[in-house]
Structure formats: structure tokens, C-alpha cells
Amino acid sequence: GFYSAEGLWFGLFEIEVANSNTEQAKEIAKTFTLPNTYISLRIDKRYRPYTETDPTHFNLKALTDKHIDNNRAKLRAHPRQAEGVVYLMLNLIDANRLPEALALGDDAIARAAKAPPGKPAFGALAAPWHWLLNTRTRVLEKLGRDAESEASQIKSRDESLAEKRDTVSQRINLGDFYYEHDRPQ
């Protein structure tokens, strides 16, 4: 899949640190590959000894680029998984590669629109589709394209309601969008 269990391993790492099991914590830290895990390690000064052991491994730019490349390869291997598009878009957002994230989302939407009836561009499309639209909304907002972002957020809400699978979160996201844009009513 596109998601990682590294968060669970980070929890174990924290337990080992708290129990002063330094060697076990160092071994776990060596396995971390996600940029967000690295950031968590660097923010908390208690974890510095575990990140300073191998500066080549704990290089944010290198970890970010490798993570994006790995997920791009997974998406090439599984091009019909909309979940992979969402995940890669999130990676690109985190790396502040917004035009690339937007192009990826727009390409996925275009492929879905062009797909012939009965042959969807993505398998099991309903579950992650509104999340793809929502992620595109986030990119547009970060790019300062508020009108497009609002339209995309509305479409995401409407799609989620039409799917009858997620009838709450996209409404909340749209409400949050309005609140952030000083439109609480």
C-alpha cells in the first residue's frame, strides 16, 4: 500500500527512549525513512542523539526526495489506485512542490473524466475520490487560488454526499474553509 506503519515504530522508539533502552532506540531510529518522522525526531531535543548518529541517513531533503520517488514508483506500478494519487499529492504538498501536486491531481481527474462507461480509470474509486478532490482543494488554497479552492471544496462535499460513504468530514472541511476565509455564517 501507500501508507506506512512507521508511526507505530515511532511509538515503540519513544517507549525505548523513555525506558533508557538506548541501543534498541538507535536500532529502531535507523529504520525510519519518512520525512515527517525525521521532523518529529529533530523537533524534540531528547531525540538528537538518535539522529546525529548517521547524518547521511537523517537528511530531510534526501529523505523527502526518496519518499516521493518511492511513492511515484508505487503509483506507476498501481496506476488505478486513486489512494496512491492522494498520498503522493500529500507528499508533494509537504515538500512544497505545489504545482506538481496540482498537476498530478488534475491529471487523475482528467483520466477519470475520459474513462469510458463501465471502465473507470481507477478501481474502487468511490472511497478515496472525494479525498482526492479535497487534497486538490488544499493545493489550490496554498497556491492562493481561493475561488477555485472553494469550488473544489464544494465539489468534494457534493461527491462525498453522493457516495453516501462520508457524509460528515467534507462538510466540516468546507465549513473550515469558510471559517478560515472570514465567512463563518
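Quick look at the structure, then.

1. Describing helix α10 (residues 169-180)
End to end, α10 covers 16 Å across twelve residues, agreeing with the expected 16 Å (1.5 Å per residue, within 8%). Taken together, the buried positions of α10 are Ser169, Gln170, Leu174, Phe177 and Tyr178. Positive phi shows up at Asp182, right after α10, with a value of about 55°.

2. Topic: a nonpolar patch on the surface
Residues Trp9, Leu12 and Ile15 make up a contiguous nonpolar surface patch of roughly 290 Å² in combined accessible area. Turning to its location among the elements, Leu12 is positioned in helix α1 (residues 6-18).

3. Quick look at the packing of α1 against helix α3 (residues 35-43)
Put simply, α1 and α3 touch, their axes get as near as 10 Å, and they point 25° apart. Looking at the two axes, α1 sits roughly parallel to α3. For the pair α1 and α3, the crossing hand works out as right-handed. In this structure, α1 uses Glu6, Phe10 and Phe13 to contact α3, whose residues at the interface are Thr37, Ser40 and Leu41. Residue composition of the contact of α1 with α3, grouped by class: three nonpolar, two polar and one charged.

4. Considerations on the packing of aromatic side chains
Aromatic rings in a pair are described by how distant their centres are and how their planes are angled relative to each other. Using the criterion set out here, one finds seven aromatic pairs in the structure. Here Phe13 and Phe32 contribute two aromatic rings whose centre-to-centre distance is 5.7 Å and whose plane-to-plane angle is 80°, an arrangement assigned as edge-to-face. With Phe13 in helix α1 and Phe32 in the loop between α2 (22-29) and α3, this pair connects stretches of sequence that are 19 residues apart. Note on Phe13: relative accessible area 0%, which makes it buried. A relative accessible area of 2% places Phe32 in the buried class.

5. Focus on the pattern of salt bridges
With the rule as written, the count across this model stands at eleven salt bridges. With a closest N to O distance of 2.5 Å, Asp44 and Arg46 form a salt bridge. Exposure remark for Arg46: the relative accessible area of 53% places this residue in the exposed category. The salt bridge involving Lys61 is made with Asp65; its shortest N-O contact spans 2.7 Å. One end of the pair is Lys61 and the other is Asp65, both in helix α5 (residues 60-77) and four residues apart, which spans about a single turn. Residues joined in a network through salt bridges with shared partners are Lys61, Asp65, Arg72, Arg97 and Glu100.

6. Details of the layout of surface pockets
The space that makes up the largest pocket amounts to roughly 250 Å³. Along the walls of the largest pocket sit 16 residues, with Thr33, Leu34, Lys66, His67 and Asn70 positioned nearest its centre. Of the residues that constitute the lining of the largest pocket, the class distribution is six nonpolar, seven polar and three charged. By volume, the second largest pocket amounts to about 210 Å³. If you go around the second largest pocket, you meet 13 residues; those closest to its centre are Pro35, Asn36, His67, Asn91 and Asp94. Sorting the residues of the lining of the second largest pocket by element identifies α3, α5 and α6 (82-94) as the ones contributing at least two each.

What counts as what
Residues numbered from 1 in each chain as written. Predicted model: local features only at pLDDT ≥ 70, side-chain atom pairs only at ≥ 80, totals over all residues. Heavy atoms only, no water. Helix = DSSP H or I, 4+ residues; strand = E, 2+ residues; numbered from the N terminus. Expected span 1.5 Å × (residues − 1). Buried < 20%, exposed > 50% of the residue type's maximum accessible area, 1.4 Å probe, protein only. Patch = residues over 30% accessible without salt bridge, like charges linked within 9 Å, V, L, I, M, F, W, Y side chains within 5 Å. Areas by Shrake-Rupley, 256 points an atom, 1.4 Å probe, with all protein chains shown as cover. Salt bridge = Lys/Arg side-chain N within 4 Å of Asp/Glu carboxyl O. Axes fitted to C-alpha atoms, helices over the stretch in contact; angles between N-to-C directions. Parallel < 35°, antiparallel > 145°, perpendicular 65-115°, else oblique. Left-handed = near helix turned anticlockwise from the far one by under 90°. Contact = heavy atoms within 4.5 Å. Nonpolar A, V, L, I, M, F, W, Y, C, P; charged D, E, K, R; others polar. Phe/Tyr/Trp six-rings, centres within 6.5 Å; stacked < 30°, edge-to-face > 60°. 1 Å grid on protein atoms, 1.4 Å probe; cavity = no way out; pocket = protein on both sides within 12 Å on 5 of 7 lines; lining within 4 Å. Points joined across faces, edges and corners; volume = space filled by probe spheres on them.

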